[in-house]
Protein chains: 2
Amino acid sequence: MDKNMDLKALFLGPKSENKDIFEQNLKMLFEDHSQWRKNYHPEDDTIIKPNDRSSENFIATRNRMEQVLTELSSKLRAGSVPWHSPRFQGHMNSETLVPAILGYFAATLYNGNNVAYESSPATSEMEEEVGADFCKLMSYKAGESWGHICADGSIANLEGMWYARNLASLPLAVKEIAPELVEGKTEWELLNMSVDQILDLADKIPEKLDELKAKSARAGADKISKVGKWLVPQTKHYSWLKAADILGIGLDNVIAVEVGDNYRMSMDALRKTIDELTAKQIPVLGVVGVVGSTEEGAVDDLHKILEVKAEYAAKGINFYFHVDAAYGGYARAIFLDEEYNFIPQEELHAKYLEYGVFQNAETQWPSTDTYEAFKAMSQADTITIDPHKMGYIPYSAGGIVIRDKRMRDYISYFATYVFEQGMDIPALLGAFILEGSKAGATAASVWTAHRALPLNITGYGKLMGASVEGSYNLYTRFRDHGRYVIGDKVVILHPLVRPDFNMVDFVFNYEGNTDLAVMNDLNHQFYEEASYVRNGLYSNDFITSHTDFAVEDYGHSPLNFVLSCGPDKEQWLKEQKVTILRACVLSPYLNNKEVFAEYMGKIDAAITKKLENIILK
Amino acid sequence: MDKNMDLKALFLGPKSENKDIFEQNLKMLFEDHSQWRKNYHPEDDTIIKPNDRSSENFIATRNRMEQVLTELSSKLRAGSVPWHSPRFQGHMNSETLVPAILGYFAATLYNGNNVAYESSPATSEMEEEVGADFCKLMSYKAGESWGHICADGSIANLEGMWYARNLASLPLAVKEIAPELVEGKTEWELLNMSVDQILDLADKIPEKLDELKAKSARAGADKISKVGKWLVPQTKHYSWLKAADILGIGLDNVIAVEVGDNYRMSMDALRKTIDELTAKQIPVLGVVGVVGSTEEGAVDDLHKILEVKAEYAAKGINFYFHVDAAYGGYARAIFLDEEYNFIPQEELHAKYLEYGVFQNAETQWPSTDTYEAFKAMSQADTITIDPHKMGYIPYSAGGIVIRDKRMRDYISYFATYVFEQGMDIPALLGAFILEGSKAGATAASVWTAHRALPLNITGYGKLMGASVEGSYNLYTRFRDHGRYVIGDKVVILHPLVRPDFNMVDFVFNYEGNTDLAVMNDLNHQFYEEASYVRNGLYSNDFITSHTDFAVEDYGHSPLNFVLSCGPDKEQWLKEQKVTILRACVLSPYLNNKEVFAEYMGKIDAAITKKLENIILK
């Protein structure tokens, strides 16, 4: 294996090219299950008899079910997004991995519930292994860290903030039940301890764990009101607002820190925010760095956030550090060698060509900042990572990793846990996470994919490379060849930024047009042409997605881009938003120059046709 | 169809009797998908070529994937619970419905994300229809109510409490932004308004919706500290504690209301609790009634809670009413006729025999209280219902229904929503619920099952009947024939209570033994014999689950039962808990007297062998 994994063997294919492989394994997995049922106490007779099966009622019920399944298939085909084709360049969607689809299917037949080990020994063990995979991916220390699967990134973010909130309140609880341990410390000092300091402090009174928890933020709103502010970049996902609402921290305590032209959190703005809060003696509960913003694919400079963190720690001001890598988390695999060591930057390019991560020597990625940001992830307290995004796993599969598994105790509902079969698996996982019942099948799906594609340069790294290289191809093509002559008008395609990751945002504008409303309208109309709105999905020949960057959310970060497209500042201030088209390049095939060229021909023709529909109609 | 649905056509069968039906439809659904890919722009060429497929790397990658899938299948067979056999009578698990499994599989191939309509038109519409199904099942008013699928019951309960918390804070917010609307009202009065009053009040200032929300509990901890206490029965699931922690309401504000001998909330205790709080001017945020407690299957007397609610409303004291029917929600289908009318109690028995809901005229179910409790569900503000429990849907599929869809606005993240294609489907469902990304496949799975089995007496009602009747058979058998002679000892099986629903709890005790520690030890050892702990799963011949009823959680509600088994009160006070064995009878086959007799023979032999292992070893 090693260097030679072929991604093409891991997908069904845009034209179902690997149908035989899929079908053969599907059949095997079902046959195995079927015989497993039969051979559990082979001496037990059947319950459904041939006479039952030939009865009128049985046949009518079966017919009805088959009619429903036929209807289901029809609805799915009519109303689903054809993301399997490179003609789709929109939402974070594409083909998913065959091992993941089949892993899910197989495990559904056994239907384990990973809420409790007892209900799902096999898939609970898989979830524990997947958690360990995540830790390895983040270069967290084995044994000290922990991770699990959850429903999605919103839940993982919520769980991360829950950890932060409950931990931040512990020093206040210690002051109540063991004041001698924090003698002489002011409330400000107690609310400014680092995560490690807090955990070490709590470790001093293991016999008072339950009491400590009972006096923490979980007791009620009083302590929550003291924990301070939660800082997110302006590119924030709305799940952060939701999380703050739900956790009682409150929207009033979420601060959106300005981003720069590159849509990454500005370090000046971060410092300024912390200084202002400190001056008012308001603690910073936590700072979120985003690895792959949902709208731009921007990767925050986590290494710089860590510098800021160290600066303030030296002054006695600490905060929790969560990384929202729901989108970009898996991309860390592209930086890990076969022994899971982070590859030195100067060796990357050669390795990428050696391992076939990139096919073309001219592909330029990553920037030094992006490289350093991914490296810095290992210092985060918690990280959100979604297998259903860059893990190419079917929905829904989210995940969270925690750097120090002692943290689990402060959100958990049973103080004791059982060690089963030599593995450190909670007997009741539901008591250690936000959710309760959860599909063992999700764990099986992710586990199977991780076993087929190691989370390093030989496996997932290669898949990430295909996607990143495809997006690089699309970005350079859009940048260098984005000119469409439509009747007597010329339309220019402006890409937003050179992508930090695999998302290409862009807008169309008429050559010479300086009216932002006209430009926004053109792009909105283009979106309608390139989505289900006007042309349906199955008959559409190019599909993309869209978003708005509005002053309300983004401040004036988009201004320079708007200026580069034609409209001036006055226009920006008047319209207050710019409508953006958004292509998340997940297709694993667009790294190949020939495939790319072939599809760009089709996509260019489709773009021209859509612009004609808008302009010449 | 109508009266004649045959449940046997809807399951794969304990011996894979319906393997052919499953396989044929599986193949059809996959073939349809495969051709759908191929026929999207048939003019586009393949990307994975025959040359690719015969390359060494492709073959090596494929081999590796197939090796992983083989390993997966082995792990699943070795470490999964054989709930397909009636020899399994433990956790809430059994065969799941073929239409649900196939529906999930088919939709996974299309991989819609129901977070946004745009990513999943087909499955978003199915989720909307499933929500409407839930509303119909609860006799909520069509058009006014709403429901959706969520990850599980813990999330649904959390969402229910979130609704309650944010709504309760609205009158305080109104006082700040439109004080004229609540002129003369005290804070106590504002915190004691009914849900309808609150919604009507907020409706008066539609232009100030955003401002209102910004001043509600979502702003932060201050308002949350005022909303009051959350009352749950002592049989509470731990998800309620977790939810109170997460939502900032706090564990200090959850009150466990005593239950009676029947494990239903005591109305005297409820009144007493409200009176005590009222005397201290502490509001009651909400009361939870449980339909099917996790450990006993107890159904709280919701109709009596409604009486209490009305009594206090007359005194100006109102509270939110959430029904946790995660477990029992689907059982409401057994009370609905073909037109979804709630069947008069006096007609039930005849209807059950006419429609084949019960096979045996002597089956006695439900009690009048249970009948009235199910009827009263239509008055709840929100209801948790888990398809992955009594819906016979694979994990994970939870759900929640809200009586008045205006409530959505107060937990939502975008004030506006778009009406698509004539359906009232939020364009961004993720902004109206707790989760974000979510599998369209779950919606497809539930939708397919609901279409195959209507949520009334002809469909799901019949499936519920099979389960309830099976549990009735098991209960009466245990009650009347639970005597095992093991060497020179006699062991008696004591069922806990006549089940409100389909769960049979029981304990073993030595005849004449009055030592509770000895009895608990016997039952714990029995559990170890009848689970994965000592005998593994696949080779085990009877599998059940267990739980502890401890004074800390249950108070002295279990005392009378303990007394009936032999030990006296002193023993109870000394041990502080009783270990219970727990059989959730989900098998759809044990309503048949012959099947039941055959398997009870096997189960009795297995019980005897296990008791011998314990006693004679």
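Residues numbered from 1 in each chain as written. Chains lettered and ligands numbered in written order. Predicted model: local features only at pLDDT ≥ 70, side-chain atom pairs only at ≥ 80, totals over all residues. Heavy atoms only, no water.

Some thoughts on the overall build of chain A
Which entries qualify depends on this criterion: Secondary structure elements follow DSSP: runs of H or I of four or more residues count as helices, runs of E of two or more count as strands, with numbering from the N terminus. Here the radius of gyration uses the C-alpha set of atoms, whereas the globule reference equals 2.2 Å times the residue count to the power 0.38. Throughout, a residue-residue contact means that at least one pair of heavy atoms, one from each residue, lies within 4.5 Å. Surface exposure here means Shrake-Rupley accessible area, sampled with a 1.4 Å probe, where a residue is shielded only by the protein chains that are shown.
A count of helices and strands for chain A gives 23 helices and twelve strands. Here the C-alpha atoms of chain A give a radius of gyration of 26 Å, agreeing with the 25 Å that 2.2 N^0.38 yields for 617 residues. When its C-alpha atoms are laid out on the principal axes, chain A stretches across 80 × 80 × 50 Å. Put simply, of all contacts in chain A between residues at least 6 apart along the chain, 75% involve residues at least 24 apart. For chain A, the accessible area works out to roughly 19,400 Å², and carbon and sulfur atoms hold 47% of it.

With respect to the interface of chain B and chain A
What counts, and what does not: Buried surface area refers to the total accessible area, computed with a probe of radius 1.4 Å, that the two partners give up upon joining, counted for both partners together. What makes a salt bridge here is a side-chain nitrogen of Lys or Arg within 4 Å of a carboxyl oxygen of Asp or Glu, nothing more.
Listed as interface residues are 172 residues of chain B and, on the opposing side, 172 residues of chain A. Summing both sides of the interface, chain B and chain A together bury roughly 15,000 Å²; the carbon and sulfur share of this comes to 61%. For chain B, the biggest contributors to the area lost against chain A are Lys15, Arg37 and Tyr40 of chain B; these three give 6% of the whole. Linking chain B to chain A there are 22 salt bridges. Between Asp245 of chain B and Arg218 of chain A there is a salt bridge, and its shortest N-O distance comes to 3.3 Å.

Details of the sheet that holds strand S6 (residues 382-385) of chain A
Residue and element names in this part refer to chain A. Our working rule: At least two bridges found by DSSP between two strands is the condition for calling them paired. Only the stretch in contact is used when fitting a helix axis, every axis being a line fitted to C-alpha atoms; angles between N-to-C directions are given from 0 to 180 degrees.
One open sheet holds the seven strands; their spatial order is S1-S7-S6-S5-S4-S2-S3, and the pairing between them is mixed. Of all strands in the sheet, those with a lone pairing partner are strand S1 (146-150) and strand S3 (254-257), marking the two edges. Each strand axis lies, on average, 20 degrees off the axis of its neighbour in the sheet, ignoring direction. In the sheet, strand S2 (residues 229-233) pairs with strand S4 (residues 284-290) via three bridges, with the strands oriented parallel. In the sheet register, Leu231 faces S4, and the bridge partner there is Val287. Across the sheet, helix H13 (residues 302-314) lies against S4 and strand S5 (320-325), angled at about 175 degrees from S5, the strand it touches most.

Focus on the environment of Ala310 of chain B
Note the following rule: Note on exposure labels: buried denotes an accessible area under 20% of the residue type's maximum, exposed denotes more than 50%, and partly exposed covers the range between, all computed with a 1.4 Å probe on protein chains only.
Locating Ala310 of chain B in the fold gives a position in helix H13 (residues 302-314). The partly exposed category is assigned to Ala310 of chain B, whose relative accessible area is 48%.

Notes on the domain arrangement of chain A
In plain terms, the rule: Segment limits for the domains were obtained from an automatic or database-derived domain assignment.
Segmentation of chain A into domains returns domain 1 (46-78), domain 2 (132-461) and domain 3 (465-615). For domain 1 of chain A and domain 2 of chain A, the distance between their C-alpha centroids amounts to 47 Å.

Quick look at the packing of helix H18 (residues 516-529) of chain A against helix H23 (residues 593-615) of chain A
Residue and element names in this part refer to chain A. Definition in use: Roughly parallel here means an angle under 35 degrees, roughly antiparallel means over 145, roughly perpendicular means 65 to 115, and every remaining angle is called oblique. For any helix crossing, the convention is left-handed if the near helix is rotated counterclockwise from the far helix by under a right angle, and right-handed if that rotation is clockwise.
Two numbers describe how H18 lies on H23: the axes approach to 10 Å, and their chain directions differ by 120 degrees. With respect to H23, the axis of H18 lies oblique. Like other packed secondary-structure pairs, H18 and H23 cross with a definite hand, here right-handed. Touching Leu522, Gln525, Phe526 and Glu529 of H18 are Ile607, Lys610, Leu611, Asn613 and Ile614, all from H23.

A few points about the UniProt feature "modified residue: N6-(pyridoxal phosphate)lysine" (unreviewed entry) in chain A
What counts, and what does not: UniProt positions are given in the numbering used here, feature names are shortened, and annotations may be inferred rather than shown by experiment.
In this structure's numbering, the residues bearing the UniProt feature "modified residue: N6-(pyridoxal phosphate)lysine" (unreviewed entry) are Lys389 of chain A. Following the sequence through the fold, Lys389 of chain A ends up in the loop between S6 and strand S7 (398-402). Sequence-distant contacts of Lys389 of chain A, that is, excluding residues within four places in its chain, are made with Met92, Ala326, Tyr327 and Leu586 of chain A together with Ser437 of chain B.

Considerations on the relation of the copies chain B and chain A
To keep it simple, the criterion reads: The copies are overlaid by a least-squares fit using only the C-alpha atoms of residues whose pLDDT is at least 70 in both copies.
With an RMSD of 0.0 Å, chain B superimposes on chain A once it is rotated by 180 degrees and translated 0.0 Å along the axis. Each copy turns onto its partner about a two-fold axis. In this assembly the copies share their binding face: 100% of the residues contributing to the interface of chain B also contribute to that of chain A.

Some thoughts on a negative patch on the surface
Selection criterion: Exposure above 30% relative accessible area and the lack of any salt bridge qualify a residue for a patch; like charges then connect within 9 Å, and the nonpolar side chains Val, Leu, Ile, Met, Phe, Trp and Tyr within 5 Å. For this count, His and the chain ends are skipped, Lys and Arg are scored as positive, and Asp and Glu as negative. All charge positions are set by atom: Lys at NZ, Arg at CZ, Asp at CG, Glu at CD.
A contiguous patch of negative charge on the surface is contributed by Glu207, Asp210 and Glu211 of chain A together with Glu552 and Asp553 of chain B. Elements that contribute at least two residues to the negative patch include exactly helix H9 (209-214) of chain A together with helix H20 (551-554) of chain B. Among the structural elements, Asp210 of chain A can be located in helix H9.

Observations regarding helix H16 (residues 440-452) of chain A
For the record, the criterion: Given a helix with a known number of residues, its expected span is that number minus one, times 1.5 Å.
Spanning 13 residues, H16 of chain A covers 18 Å between terminal C-alpha atoms, matching the ideal 18 Å at 1.5 Å per step. By the criterion of burial, H16 of chain A is predominantly enclosed, with twelve of the 13 residues buried. Every buried residue belonging to H16 of chain A is among Gly440, Ala441, Thr442, Ala443, Ala444, Ser445, Val446, Trp447, Thr448, Ala449, His450 and Ala452 of chain A, and all of these are buried. Packing partners of the buried residues in H16 of chain A comprise helix H4 (98-110), helix H5 (121-137), S1 and helix H17 (460-481) of chain A together with helix H3 (56-78) of chain B.

So, the sheet that holds strand S12 (residues 577-584) of chain A
The pairing of strands in a sheet happens through backbone hydrogen bonds and is either parallel or antiparallel. Residue and element names in this part refer to chain A. Taking strand neighbours across the sheet as the criterion, the five strands line up as S8-S9-S10-S12-S11 in an open arrangement whose pairing is antiparallel. Each edge of the open sheet is held by one strand with a lone partner, namely strand S8 (483-486) and strand S11 (545-550). Strand-to-strand twist in this sheet, taken as the mean axis angle between neighbours without regard to direction, amounts to 35 degrees. Bridge count between strand S9 (residues 489-495) and strand S10 (residues 503-510): five bridges; the pairing is antiparallel.

A word on the nonpolar core
Considering soluble globular proteins, one finds that nonpolar side chains tend to be buried as a cluster. Filter applied, for reference: We define a nonpolar core as any set of buried Ala, Val, Leu, Ile, Met, Phe, Trp, Tyr and Cys residues linked to one another through side-chain atoms lying within 4.5 Å.
Core analysis: the biggest nonpolar cluster contains 306 residues, and Tyr460 and Phe508 of chain A together with Tyr460 and Phe508 of chain B have the highest contact counts within it. In contact with Phe508 of chain A, not counting residues within four places along its chain, are Tyr484, Val491, Ile492, Leu493, Met519, Leu522, Asn523, Phe526, Leu581, Ile607 and Leu611 of chain A. In terms of nonpolar packing, the next biggest core, distinct from the first, is built from 122 residues, Leu191 of chain A together with Val115, Ala173 and Ile400 of chain B among them.

Considering empty space enclosed by the protein
For the record, the criterion: For each structure, a 1 Å grid was placed over the protein atoms alone; sets of points admitting a 1.4 Å probe that cannot get out are labelled cavities, open sets with protein on both sides within 12 Å along at least five of seven lines are labelled pockets, and lining residues have an atom within 4 Å of a point. Grid points are joined across faces, edges and corners, and a volume is the space filled by probe spheres set on the points. For this scheme, ten residues count as nonpolar: Ala, Val, Leu, Ile, Met, Phe, Trp, Tyr, Cys and Pro. Four count as charged, namely Asp, Glu, Lys and Arg, and the remainder, Gly too, count as polar.
Counted under the stated rule, the structure contains 19 cavities of 30 Å³ or more. Within this model, the largest cavity holds a volume of roughly 250 Å³. Taken together, 22 residues form the lining of the largest cavity, with Ala151 and Ser396 of chain A together with Ala151, Ser396 and Thr442 of chain B sitting closest to its centre. Of all the secondary-structure elements, those providing two or more residues to the lining of the largest cavity are S1 of chain A together with strand S1 (146-150) of chain B. In terms of residue class, the lining of the largest cavity is made up of twelve nonpolar, five polar and five charged.

Considering the pattern of salt bridges
Scanning the model with the defined rule gives 86 salt bridges over all chains in all. Where Lys602 of chain B meets Asp44 of chain A, a salt bridge forms, and the shortest distance between an N and an O atom there is 2.8 Å. Of this pair, Lys602 of chain B sits in helix H23 (residues 593-615) while Asp44 of chain A sits in the loop between helix H1 (19-39) and helix H2 (50-53), which puts the two residues in different chains. Note on accessibility: Lys602 of chain B and Asp44 of chain A belong to one class, buried. In this structure, Lys593 of chain A and Glu362 of chain A form a salt bridge, with 3.4 Å as the shortest nitrogen-oxygen distance. Here the residue Lys593 of chain A occupies a position in helix H23, and Glu362 of chain A occupies one in the loop between helix H14 (345-354) and helix H15 (368-376), the gap between them amounting to 231 residues.

Quick notes on the side chain of Asp505 of chain A
All names here are of chain A. Position of Asp505 relative to the elements: it lies in strand S10. Of the side chains with opposite charge, Arg582 lies nearest to the buried Asp505, which makes no salt bridge, at 5.1 Å. The residues touching Asp505, leaving out its near neighbours within four places in the chain, are Glu295, Glu296, His494, Pro495, Leu496, Phe549, Ile580, Leu581, Arg582 and Ala583.

With respect to the pairing of strand S8 (residues 483-486) of chain B
Two faces make up the sheet, and in a regular strand the side chains alternate between them. All names here are of chain B. Burial of the side chains of S8 is restricted to one face: Tyr484 and Ile486 are buried, whereas none of Arg483 and Val485 on the reverse face is. In terms of strand pairing, S8 meets strand S9 (residues 489-495) through four bridges, oriented antiparallel. Across the sheet, Val485 pairs through a bridge with Val490, a residue of S9. Adjacent in sequence and paired antiparallel, S8 and S9 are bridged by two residues, among which Gly487 carries a positive phi angle near 60 degrees.

Points about the packing of helix H11 (residues 239-246) of chain A against helix H6 (residues 153-177) of chain B
Across the interface, H11 of chain A lies against H6 of chain B with an axial gap of 11 Å and an inter-helix angle of 75 degrees. On the basis of the axis angle, H11 of chain A is roughly perpendicular to H6 of chain B. Listed contacts from H6 of chain B to Lys242, Asp245 and Ile246 of chain A of H11 of chain A are Trp162, Arg165 and Asn166 of chain B. Of the residues contributing to the contact of H11 of chain A with H6 of chain B, the split by class is two nonpolar, one polar and three charged.

A short note on H6 of chain B
Filter applied, for reference: In this analysis the local bend is the angle between axes fitted, respectively, to the seven residues ending at and the seven residues starting at the residue.
Along its 25 residues, H6 of chain B runs 36 Å from first to last C-alpha, staying within 8% of the 36 Å computed at 1.5 Å per residue. Its maximal kink placed at Pro171 of chain B, H6 of chain B deviates by approximately 35 degrees.

As for the packing of aromatic side chains
We count it as follows: Side-chain rings of Phe, Tyr and Trp (the six-membered ring for Trp) are treated as a pair once their centres are within 6.5 Å; stacked means planes under 30 degrees apart, edge-to-face means over 60, and tilted covers the remaining angles. Placement of a positive charge over a ring is assigned whenever Lys NZ or Arg CZ falls within 6 Å of the ring centre and within 35 degrees of the normal to the ring plane.
Evaluation of the coordinates by the stated rule reveals 54 aromatic pairs over all chains. On the basis of an interplanar angle of 35 degrees and a centroid distance of 6.4 Å, the ring pair of Trp230 of chain B and Tyr320 of chain B is categorised as tilted. Taken together, the positions of Trp230 of chain B in strand S2 (residues 229-233) and Tyr320 of chain B in strand S5 (residues 320-325) put the pair 90 residues apart, joining distant regions of the chain. The exposure class of Trp230 of chain B is buried, given its relative accessible area of 0%. Its relative accessible area of 3% is what places Tyr320 of chain B among the buried residues. Through a chain of ring-to-ring contacts, three or more aromatic side chains come together here, namely Phe478, Tyr484, Phe506, Phe508, Phe526 and Phe542 of chain A. Taking NZ or CZ as reference, Arg408 of chain A lies 5.4 Å from the ring centre of Phe432 of chain A, over its face. In this arrangement the basic side chain of Lys489 of chain A is found over the ring face of Tyr510 of chain A, its NZ or CZ atom lying 4.9 Å from the centre.

Observations regarding the environment of Glu598 of chain A
Within the secondary structure, Glu598 of chain A sits in helix H23. Between the alpha carbons of Glu598 of chain A and Leu191 of chain A there is a distance of 59 Å; along the sequence they are 407 residues apart.

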